[in-house]
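Remarks on the overall topology
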Amino acid sequence: WDPSLALVMGGALAVFLPGYHILRRMRKAPVCETSFQVPGKGKIDRKLVIGATVFGLGWGLVGYCPGPAIAALSSGSAGTAVFVLTMILGWAISRRFS
């Protein structure tokens, strides 16, 4: 646990939030869409809890989340390649059964 990571989150929010609000006032829709896709307040269901748990376990055990893992493939690490392959396999299995 590294509490200084809260500063990273704070810095990201300090840049994102003003830009997001300015953009929403200036445009009715994104460039390549007909409207902004803003999630509503939905209920917390079983699929959400399972997905969040699997994501958190993968990140906690291996230290990667999906985007950086794909970027890290360029490092040539066999462990990273195994992680990305199993991530893709897990995605394919979940698509098959959902």
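About the thresholds
- Residues numbered from 1 in each chain as written.
- Predicted model: local features only at pLDDT ≥ 70, side-chain atom pairs only at ≥ 80, totals over all residues.
- Heavy atoms only, no water.
- Patch = residues over 30% accessible without salt bridge, like charges linked within 9 Å, V, L, I, M, F, W, Y side chains within 5 Å.
- Areas by Shrake-Rupley, 256 points an atom, 1.4 Å probe, with all protein chains shown as cover.
- Salt bridge = Lys/Arg side-chain N within 4 Å of Asp/Glu carboxyl O.
- Helix = DSSP H or I, 4+ residues; strand = E, 2+ residues; numbered from the N terminus.
- Buried < 20%, exposed > 50% of the residue type's maximum accessible area, 1.4 Å probe, protein only.
- pLDDT = per-residue confidence, 0-100.
- Expected span 1.5 Å × (residues − 1).
- Arc of directions from axis to C-beta.
- Contact = heavy atoms within 4.5 Å.

Bringing a nonpolar patch on the surface into the picture now. On the surface, Met9, Leu13, Phe16 and Leu17 cluster together into a nonpolar patch covering about 380 Å² of accessible area. Within the secondary structure, Met9 is located in helix α1 (residues 5–26). On the basis of relative accessibility, which here comes to 52%, the residue Met9 falls in the exposed class.

Let us look at the confidence of the model for the protein chain. Detailed reading of predicted coordinates is not advised where the pLDDT is low. Looking at the protein chain as a whole, the pLDDT averages 88, with 99% of positions reaching at least 70. Confidence, expressed as mean pLDDT per element, reaches its minimum in the protein chain at helix α2 (residues 46–62) with 86 and its maximum at α1 with 91.

Right, let's talk about helix α4 (residues 78–97) for a bit. Taking 1.5 Å as the rise per residue, α4 with 20 residues should run 28 Å; its terminal C-alpha atoms sit 29 Å apart, in good agreement. Restricting attention to buried positions, one finds in α4 the residues Thr80, Phe83 and Val84. One face of α4 carries all of its buried residues, which in axial projection span an arc of 95°. Opposite the buried face of α4, by more than 90 degrees, sit the exposed residues Ala78, Val82, Leu85, Leu89, Arg96 and Phe97. In this fold, the buried residues of α4 make contact with α2 and α3 (66–71).

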